[in-house]
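Understanding the architecture of this molecule
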Amino acid sequence: MNHTLLRLIIPGVFLTLATGCVTSTVDEMVFDEPSEGIGDATVVILGRRHASDYETEPDFIECVGKHIAARDKSIEVIGELEFLNALYPWFEPRTAPLKPSDIDKLMLQRPVAQKLTALKTEYLIWIDGSTVRNDSAGSMACGIGPGGGGCFGFGTWSNDADYEATIWDFTDRAEVGRVNTKATGQSYMPAVVIPIPIIAPVQGTACDGIGEQLLQFLSGHY
Amino acid sequence: MSGSMIFAPDWRRALVVLGALALLAGCGPTEVVVKGSFPPPLLEPLPLTLGVWYGDDFAHHEFSDEATGRSGSSWVVKSGEAQVQMWDTLLTGMFDRLVHLDDRPGPGQVTPVVDAVLIPHVDELQYAIPAHTNVKVYEIWMRYRFELVTTDGQPIAEWTMSAYGKTPTAFMQSDQAAVNLAAVVALRDAGANFATLFTRVPAVRDWLQHRPQRRPRHAAEVQL
């Protein structure tokens, strides 16, 4: 029993120690926060994908949605792909509304207005940004021979995450809030026979930061 | 040595052949057969019966690219099946009725009763992977050409349209999977572009405004 416990605790402690450090900052601007939460309305979180040199990662959007839904079970977050498919082709990168007033034009399409009413979508949150890897350094050599193989060396890199969430109110056709989060962290990979990655959870920290701020906006309990 | 190969048991020969094939397969081009699912469009259907004809070059569309250096790899991107799947889904949702034609319409052809026939072509396809551009996105760009013709093949309109899809480098995702995803995004973009552009193409708009109204069909004709 004690051995089993030790087998679980030691890797757990090791993994806790073996994560790089992350620095995160969150800025928030809120213009019109719902005082009682969003009630039985739904919220959808979409990634902006207009830029040519980066793409807001779908898994980041999913992470923020899960963060909100997990902490306040009363908030229904519609999945990004589910929403994009249900409203195809009106929220594709080429056709998506760029400003809240564009929703009026979209509502002129009767099937679109009916679908949005059916989905009870009150807030649309656009997230724009990405996580990039910078400043890689170090070197590592790996070899394999009849007696076995292994690696030797050291690598390090930094990850920078920069995301901005813009909250649109579908009913008022207005932007009602904006949250910006930046996170940076250094990851390391020393290798003596076996490479040991010490990864800084930069994107996860940015997801928690932006998710927490959005939760404060959307939830009546926060 | 060669003698032992000649009289080797069948299973050994099979093993040698399989090994050789496996080695040769490693030298072949990277092949991507584009697969995806495409949603129907959320639109008021246009009151038209549209015929569509997919030529062989479209229905079996593929793009190949030879490696330029020893470190590069050759690619074959087969998008024909996904193209047909996407356009069928889109056009079915965009028009009252969609009819598939077996042949290109022309004088003397027996064509079902349709208002017009759409003939799509992929004129050009380009792709980029991070190894080409040093930017961590996979990209597909396509240029389509559409012909809208009457049932006897007379041109109504012809126009071109581009489509673009990209996807970020994803952890534990192969180049093939990423190129496939970029192609699916490009096909969705093609559908979105076509759906919002179709009635704004000047020649199509003129035709829609001035086209002769077909007489209502009898029930028997509808069933045919």
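Note that the coordinates shown come from a computational prediction; the quantities given were computed from them, not determined experimentally. (Residues numbered from 1 in each chain as written. Chains lettered and ligands numbered in written order. Predicted model: local features only at pLDDT ≥ 70, side-chain atom pairs only at ≥ 80, totals over all residues. Heavy atoms only, no water.)

Helix length check: helix α6 (residues 175-197) of chain B, at 23 residues, gives a terminal C-alpha distance of 32 Å against a target of 33 Å (1.5 Å per residue), a fit within 8%. The element α6(B) is extensively covered by neighbouring structure, given that 17 of its 23 residues are classed as buried. (Helix = DSSP H or I, 4+ residues; strand = E, 2+ residues; numbered from the N terminus. Expected span 1.5 Å × (residues − 1). Buried < 20%, exposed > 50% of the residue type's maximum accessible area, 1.4 Å probe, protein only.)

Attention now goes to helix α4 (residues 80-94) of chain B. Residue and element names in this part refer to chain B. For α4, which comprises 15 residues, the first-to-last C-alpha distance of 21 Å matches the rise-based estimate of 21 Å (1.5 Å per residue) to within 8%. Most of α4 is tucked away: 11 of the 15 residues are buried. Listing the buried residues of α4 in full gives G80, A82, Q83, V84, M86, W87, D88, L90, L91, G93 and M94.

Considering all chains together, one arrives at 19 aromatic pairs over all chains under this definition. The interplanar angle of 75° and the centroid separation of 5.5 Å between the aromatic rings of B:W87 and B:Y144 together place this pair among those described as edge-to-face. Of this pair, B:W87 sits in helix α4 while B:Y144 sits in strand β7 (residues 137-149), and the two are 57 residues apart along the sequence. An aromatic cluster is defined as three or more aromatic residues linked by ring pairs; in this entry it consists of B:W87, B:F95, B:Y144, B:F146, B:W159, B:F194 and B:F198. Above the ring of A:W126, the side-chain terminus of A:R48 is found at 3.7 Å from the ring centroid. (Phe/Tyr/Trp six-rings, centres within 6.5 Å; stacked < 30°, edge-to-face > 60°. Lys NZ or Arg CZ within 6 Å of the ring centre and 35° of its normal.)

Where interface size is quoted, it is often the accessible area lost as the parts come together. Each partner contributes residues to the interface: chain B has 25 residues there, and chain A has 24 residues. Overall, the association of chain B and chain A removes approximately 1800 Å² of surface from exposure, summing both partners, and the carbon and sulfur fraction of that is 56%. Between chain B and chain A we count 4 salt bridges in total. A salt bridge links A:R94 to B:D189; the nearest nitrogen and oxygen atoms lie 2.8 Å apart. Remark: the boundary between chain B and chain A carries 11 residue pairs in polar contact (both at pLDDT 80 or more). Taken together, the elements giving at least two residues each to the side of chain B that touches chain A come down to β7, β8 (155-168) and α6 of chain B. Ranked by the residues each element gives to the side of chain B that touches chain A, the list is headed by α6(B), at 8 residues. Of the residues belonging to the side of chain B that touches chain A, the class tally is 14 nonpolar, 5 polar and 6 charged. (Contact = heavy atoms within 4.5 Å. Buried area = accessible area lost by both parts, 1.4 Å probe. Salt bridge = Lys/Arg side-chain N within 4 Å of Asp/Glu carboxyl O. Polar contact = N/O pair within 3.5 Å; in protein donor to acceptor, adjacent residues only side chain to side chain. Nonpolar A, V, L, I, M, F, W, Y, C, P; charged D, E, K, R; others polar.)

Let us now look at the pairing of strand β5 (residues 148-169) of chain A. Residues and elements named next belong to chain A. Inspection of the sheet shows strand β4 (residues 121-145) paired to β5 by 21 bridges, in the antiparallel sense. For I127, the partnering residue across the bridge sits in β5 and is A165. Connecting β4 to the next strand, β5, in antiparallel fashion are 2 residues. Linking two consecutive strands that pair antiparallel, namely β5 and strand β6 (residues 174-195), is a turn of 4 residues; a positive phi of about 55° is found at R173 within it. (Pairing = 2+ DSSP bridges.)

Attention now moves to the packing of helix α2 (residues 58-71) of chain A against helix α6 (residues 202-218) of chain A. All names here are of chain A. As a packed pair, α2 and α6 sit with axes 9 Å apart at the nearest point and diverge in direction by 45°. Classified by the interaxial angle, the pair formed by α2 and α6 is oblique. In this structure, α2 crosses over α6, and the sense of that crossing is right-handed. Packed against α2, whose contacting residues are D59, F60, C63, V64, H67, I68 and R71, the element α6 presents Q203, A206, C207, D208, I210, G211, E212, L214, L215 and L218 at the interface. Classifying every residue of the contact of α2 with α6 gives 10 nonpolar, 3 polar and 4 charged. (Axes fitted to C-alpha atoms, helices over the stretch in contact; angles between N-to-C directions. Parallel < 35°, antiparallel > 145°, perpendicular 65-115°, else oblique. Left-handed = near helix turned anticlockwise from the far one by under 90°.)

Let us now look at unusual backbone geometry. Glycine aside, residues mostly have negative phi, and peptide bonds are mostly found in the trans state. Residues and elements named next belong to chain A. The omega torsion of the bond from Y88 to P89 falls at 5°, within 30 degrees of zero and hence cis. By secondary structure assignment, the location of P89 is in the loop between α3 (80-86) and α4 (102-107). The backbone of K120 sits at a positive phi, close to 55°, despite the residue not being glycine. By secondary structure assignment, the location of K120 is in the loop between α5 (110-119) and β4. Under the relative-accessibility criterion, K120 is labelled partly exposed at 44%. In this model, V193 sits at a positive phi of 70°, which is unusual for a non-glycine residue.

A:F91, B:W87, B:L91, B:Y144, B:L148, B:W159 and B:F194 are the most contacted members of the largest nonpolar core, which totals 72 residues. Tallying contributions element by element places α6(B) first for this core, with 10 residues. Dropping the residues within four chain positions of it, B:Y144 is found in contact with B:F58, B:Q83, B:W87, B:H121, B:V122, B:W159, B:T160, B:M161, B:A163, B:L187 and B:A190. Counting 27 residues, the second largest nonpolar core, distinct from the first, contains A:V64, A:A206, A:I210 and A:L214. (Core = buried A, V, L, I, M, F, W, Y, C linked by side-chain atoms within 4.5 Å.)

Let us now look at the confidence of the model for chain B. All names here are of chain B. In the predicted model, chain B carries a mean pLDDT of 82, and 75% of its residues have values of at least 70. Per-element averaging of pLDDT across chain B places helix α8 (residues 219-223) at the bottom with 37 and α4 at the top with 97. Segment residues 1-8 is flagged for pLDDT under 50; beyond a separation of four residues in sequence, or across chains, it makes 5 contacts in the model. Considering only residues more than four positions removed or in separate chains, one finds that residues 216-224, a stretch of pLDDT under 50, has 6 contacts. (pLDDT = per-residue confidence, 0-100.)

Residues and elements named next belong to chain A. Going through the model one piece at a time under the given rule, you end up with 2 disulfides over all chains. Two residues, C63 and C207, share a disulfide whose sulfurs are 1.9 Å apart. Around the S-S axis, the bridge from C63 to C207 shows a dihedral of about -100° and counts as left-handed. Highlighted residues: C63 in helix α2 and C207 in helix α6, separated in sequence by 144 residues. C63 gets classed as partly exposed once you look at its relative accessible area, which sits at 28%. C142 shares a disulfide with C151; S-S distance 2.0 Å. Between C142 and C151, the S-S torsion sits near 105°, and that sign places the bridge as right-handed. Overall, C151 belongs to the buried group, its relative accessible area being 12%. With cysteine numbering restricted to those in disulfides and following the sequence, chain A has the pairing 1-4, 2-3. (Disulfide = S-S within 2.5 Å.)

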